[in-house]
Amino acid sequence: GENVEQHPSTLSVQEGDSAVIKCTYSDSASNYFPWYKQELGKRPQLIIDIRSNVGEKKDQRIAVTLNKTAKHFSLHITETQPEDSAVYFCAASEFSGGYNKLIFGAGTRLAVHP
Amino acid sequence: SAVISQKPSRDICQRGTSLTIQCQVDSQVTMMFWYRQQPGQSLTLIATANQGSEATYESGFVIDKFPISRPNLTFSTLTVSNMSPEDSSIYLCSVEGTGGEPQHFGDGTRLSIL
């Protein structure tokens, strides 16, 4: 089955700097890669996703890149702000039993310091 | 995106008892997913519920411990049976997005077992 590894586990940056979180996956058949942001005590919220037919996707200060050959994908946050502080999870899809399910990475705790 | 309501939002239960968690969606969805998030950890899929058929459980999770109902296309329940302190977690339901992958999460049920 699919295995997703996420690095780093914690990341501390100064406000205005960029943050990069990286994930690798094992199943070459995976074709969908979402990123979630989870603030303390709240639900995971989908912030951006990418499908395997696209190499990069951007939404304002957030971008995701995908390298299918190397089986890794990354989240890039530019001009970080204190409200970006949260735990971020990557995930990869696994098609099994006639439906897609998500396998999550271990998470990255991002702290943005003013 | 779908609006997902979970009840209860939190509960404190005695060892050996059972609790049923409800998940209501504001639109019809084919697949509903139940996840567990242990304190400080990532999300682990418990099972997938398809209306009209038995739930499909992931490795390490069994129906006797986590029975699931899916009576219609907008509702599902997860029961945590014969609870022990190790079951203290957040339980989240999720529904598929337009691409069929589970994307959107409810607010979760924070469960503590004494």
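Look up: the structure comes first, before these words.
Residues numbered from 1 in each chain as written. Chains lettered and ligands numbered in written order. Predicted model: local features only at pLDDT ≥ 70, side-chain atom pairs only at ≥ 80, totals over all residues. Heavy atoms only, no water.

A. Local environment of the overall build of chain A. Helices and strands together make up the secondary structure of chain A, namely 0 helices and 11 strands. Listed by position from the N terminus, the elements making up chain A come as β-β-β-β-β-β-β-β-β-β-β. Over its C-alpha trace chain A gives a radius of gyration of 14 Å, about what one expects of a compact globule, namely 13 Å for 114 residues. When the backbone C-alpha atoms are referred to their principal axes, chain A occupies close to 45 × 30 × 20 Å. Sorting the 114 residues of chain A into buried and exposed places 45% on the buried side. (Helix = DSSP H or I, 4+ residues; strand = E, 2+ residues; numbered from the N terminus. Rg over C-alpha atoms; globule rule 2.2 N^0.38 Å. Buried < 20%, exposed > 50% of the residue type's maximum accessible area, 1.4 Å probe, protein only.)

B. The sheet that holds strand S7 (residues 68-72) of chain B, seen in detail. All names here are of chain B. Read across the open sheet, the 4 strands follow the order S1-S3-S8-S7; overall the sheet is antiparallel. Sheet topology places strand S1 (4-7) and S7 at the edges, where each strand pairs with a single neighbour. Averaged over all adjacent pairs, the angle separating strand axes in this sheet is 15°, with direction ignored. Note: S1 against strand S3 (residues 19-25), 4 bridges, orientation antiparallel. Across the sheet, residue Lys7 finds its bridge partner in S3, namely Gln22. (Pairing = 2+ DSSP bridges. Axes fitted to C-alpha atoms, helices over the stretch in contact; angles between N-to-C directions.)

C. The environment of A:Ala70, seen in detail. Looking at the element boundaries, A:Ala70 is found in the loop between strand S7 (62-67) and strand S8 (72-77). The sequence separation of A:Ala70 and A:Ser85 amounts to 15 residues, and the corresponding C-alpha distance is 29 Å.

D. Just the interface of chain B and chain A, in detail. Tallying the contact residues gives 22 residues for chain B and 17 residues for chain A. Taken together, both faces of the contact between chain B and chain A bury some 1700 Å²; the carbon and sulfur share is 50%. Across the contact surface, chain B and chain A share 2 salt bridges. For B:Asp107, the salt bridge is made with A:Arg43, and the minimal N-O distance between the two is 2.7 Å. (Contact = heavy atoms within 4.5 Å. Buried area = accessible area lost by both parts, 1.4 Å probe. Salt bridge = Lys/Arg side-chain N within 4 Å of Asp/Glu carboxyl O.)

E. Main features of unusual backbone geometry. Following A:His7, the chain continues into A:Pro8 via a peptide bond in cis, with omega recorded as -5°. One can find A:Pro8 in the loop between strand S1 (4-7) and strand S2 (10-14). For the bond running from B:Lys7 to B:Pro8, omega is -10°, close enough to zero to count as cis. Structurally, the position occupied by B:Pro8 is in the loop between S1 and strand S2 (10-13). Phi is positive for A:Lys71, close to 55°, though the residue is something other than glycine. Residue position: A:Lys71 is located in the loop between S7 and S8. On the basis of relative accessibility, which here comes to 24%, the residue A:Lys71 falls in the partly exposed class.

F. The arrangement of the side chain of A:Lys37 in detail. All names here are of chain A. Within the secondary structure layout, Lys37 lies in strand S4 (residues 32-38). Buried within the structure, Lys37 lacks any salt-bridge partner; Asp84 is the closest side chain of opposite charge, at an N-O distance of 4.5 Å. There is a polar contact of 2.9 Å between the side chain of Lys37 and the backbone oxygen of Glu83. (Lys, Arg positive; Asp, Glu negative; His and termini not counted. Polar contact = N/O pair within 3.5 Å; in protein donor to acceptor, adjacent residues only side chain to side chain.)

G. Up close: the state of the cysteines. Under the defined criterion, the tally for this structure stands at 2 disulfides over all chains. Between the sulfur of A:Cys23 and that of A:Cys90 lies a disulfide, 1.9 Å long from S to S. Torsion about the S-S bond of the A:Cys23 and A:Cys90 cystine: about -100°, corresponding to left-handed handedness. Here A:Cys90 lies in strand S9 (residues 86-96) and A:Cys23 lies in strand S3 (residues 19-25), a separation of 67 residues in the sequence. Taken as a pair, A:Cys23 and A:Cys90 share a single burial class, namely buried. Between the sulfur atoms of B:Cys23 and its disulfide mate B:Cys93 the distance is 1.9 Å. Taking the torsion about the S-S bond as the criterion, the B:Cys23 to B:Cys93 disulfide, at about 65°, is right-handed. (Disulfide = S-S within 2.5 Å.)

It is worth stressing that arrangement in space is one thing and function is another; only the former is reported here.
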